[in-house]
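Topology and contacts: notes
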Amino acid sequence: MIVAIDGGAASGKSAVGRRVAAELGLAFVDSGLMYRAVAYLAVEGGIGLDDRDALLALAAGADLQVHNRRIWVGNRELTEVVYSPSIAEMLPRVSALAPVREVLVERQRALAGSGVVMAGRDIGTDVFPKADHKFFLVAGLAERIRRREEQFRKRGEATDPAALEREVTERDRIDSERDASPLRAAADAVVIETDSLTLAEVVEGILSRVRGSRVG
């Protein structure tokens, strides 16, 4: 079984996906970690946004390993550094590069195995267009900024609400306007507005649909 959970920045897709996967006994993959890792490695290596050949070579050559909400490049874990503010500008622009997306999408498809819950921005539209279940999470800007602040607090990092607002809105703009796999809900996705719902309620709503289809 493949369950696709998409949504914009800080829409809750990773937190929801991880819990849904655990309840269903499936692997969980946060596809965004791959793009974050490539962006981090690009910043670390001094590769500029205009050097597309180098960015593609980096994405193609990196030994990316994703499990749950953790990511490694070879034996080096990058989970704690890929959310660094230093990659905030690089991340959406690297993600918008079609050749980079093609490389990483193929890797994401290879992770389906015997079943997967995968969270991202193009899982239901491009990575797994024939997924068994598709969900698209949405939330208002204020709520998403609050969630992003909470993520930073849990990592013990200082937050700047104005900077977070710029990050979220710019990420959504670039993701929605890019030519390669733009951010949008698949035509057959169930859209869930999460502002007034708890994490548990969103998870239960998805599980009810998934389990209900099994019974049907």
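Our structure's up above, just so we're on the same page.
Residues numbered from 1 in each chain as written. Predicted model: local features only at pLDDT ≥ 70, side-chain atom pairs only at ≥ 80, totals over all residues. Heavy atoms only, no water.

1. Things to note about the overall build of the protein chain
Threshold: Labels follow the DSSP assignment, with helices taken as runs of H or I lasting at least four residues and strands as runs of E lasting at least two, numbered in each case from the N terminus. Using C-alpha atoms as the atom set, the radius of gyration is obtained and then compared with a globule rule of 2.2 Å times the number of residues to the power 0.38. Only protein chains enter the accessibility calculation, which uses a 1.4 Å probe; a residue whose area is less than 20% of its type maximum is buried, one above 50% is exposed, and one in between is partly exposed. Every residue pair with non-hydrogen atoms within 4.5 Å of one another is taken to be in contact. Note on areas: these come from Shrake-Rupley sampling with a 1.4 Å probe, and a residue is covered only by the protein chains present in the view. In summary, the charge assignment counts Lys and Arg as positive and Asp and Glu as negative, without counting His or the chain termini. In plain terms, the charge of a residue is placed at NZ if it is Lys, CZ if Arg, CG if Asp and CD if Glu.
Summing up its helical and strand segments, the protein chain has nine helices and eight strands in all. Whereas a compact globule of 216 residues would reach a radius of gyration of roughly 17 Å, the protein chain reaches 16 Å, a difference of no more than 12%. When the backbone C-alpha atoms are referred to their principal axes, the protein chain occupies close to 55 × 35 × 35 Å. A buried classification covers 49% of the 216 residues belonging to the protein chain. Long-range pairs, those at least 24 residues apart, make up 76% of the contacts in the protein chain between residues at least 6 apart in sequence. Accessible area of the protein chain: about 10,200 Å², with a carbon and sulfur share of 49%. Positive and negative charge centroids in the protein chain, built from 30 and 33 side chains respectively, lie 3 Å apart.

2. A look at the nonpolar core
Under the convention used in this document: Working definition of a nonpolar core: buried Ala, Val, Leu, Ile, Met, Phe, Trp, Tyr and Cys residues. They are joined through side-chain atoms within 4.5 Å.
Counting 39 residues, the largest nonpolar core has Leu 64, Ile 71, Leu 78, Val 82 and Phe 128 as its most contacted members. Sort the elements by how many residues they give to this core and helix α2 (residues 32-45) lands first, with nine residues. Look past the residues within four positions of Leu 64 in its chain and what remains in contact with it is Met 34, Ala 37, Val 38, Ile 71, Trp 72, Val 73, Leu 104 and Arg 107.

3. Section: the environment of Asp 51
Condition: Polar contact is the term for a pair of N or O atoms within 3.5 Å; when the atoms are in protein, one must be able to donate a hydrogen and the other to accept it, and sequence-neighboring residues count only if both atoms are side-chain atoms.
Turning to its location among the elements, Asp 51 is positioned in the loop between α2 and α3 (52-61). Residue Asp 51 is classed as partly exposed on the basis of its relative accessible area of 36%. Reaching out from Asp 51, the side chain makes a polar contact with the backbone nitrogen of Ala 54 at a distance of 3.2 Å.

4. Thoughts on α2
To keep it simple, the criterion reads: By this rule, a helix spans an expected 1.5 Å times one less than how many residues it contains.
Helix length check: α2 (14 residues) gives 20 Å between terminal C-alpha atoms against 20 Å at 1.5 Å per residue, within 8%. Extensive coverage of α2 is indicated by the burial of eleven of its 14 residues. Along α2, the residues classified as buried are Gly 32, Leu 33, Met 34, Tyr 35, Arg 36, Ala 37, Val 38, Ala 39, Tyr 40, Leu 41 and Ala 42.

5. A look at the sheet that holds strand β7 (residues 133-138)
Condition: At least two bridges found by DSSP between two strands are what make those strands a pair. Lines fitted to the C-alpha atoms define the axes, with helices restricted to the stretch that makes contact. Angles between their N-to-C directions range from 0 to 180 degrees.
With parallel pairing, five strands are arranged side by side in an open sheet as β2-β6-β1-β7-β8. At either margin of the open sheet sits one strand with a lone partner, and together these are β2 (27-30) and β8 (190-193). Averaged over all pairs of adjacent strands, the angle between their axes in this sheet comes to 20°, without regard to strand direction. By the bridge criterion, four bridges tie β7 to β8 in an arrangement that is parallel. Bridge pairing in β8 places Val 138 opposite Glu 193.

6. Considerations on the packing of helix α7 (residues 141-154) against helix α8 (residues 161-177)
How we decide: It is the rotation of the near helix from the far one that decides the hand of a crossing: anticlockwise by less than a right angle makes it left-handed, clockwise makes it right-handed. Here the nonpolar group is Ala, Val, Leu, Ile, Met, Phe, Trp, Tyr, Cys and Pro; Asp, Glu, Lys and Arg are the charged ones; every other residue, Gly included, is treated as polar.
It is the contact of α7 with α8, at a shortest axis distance of 10 Å, that shows an interaxial angle of 115°. The element α7 and its partner α8 pack so that their crossing is right-handed. Along the contact surface, α7 presents Leu 141, Arg 144, Ile 145, Arg 148, Glu 149 and Phe 152, while α8 presents Pro 161, Leu 164, Glu 165, Glu 167, Val 168, Thr 169 and Asp 172. Across the contact of α7 with α8, the residue classes break down as six nonpolar, one polar and six charged.

7. Description of the sheet that holds strand β5 (residues 76-77)
Taken in spatial order, the three strands of this open sheet run β3-β4-β5, and their pairing is antiparallel. Each edge of the open sheet is held by one strand with a lone partner, namely β3 (64-67) and β5. Relative to strand β4 (residues 70-73), β3 runs antiparallel, the two being bridged by four bridges. In the sheet register, His 67 faces β4, and the bridge partner there is Arg 70.

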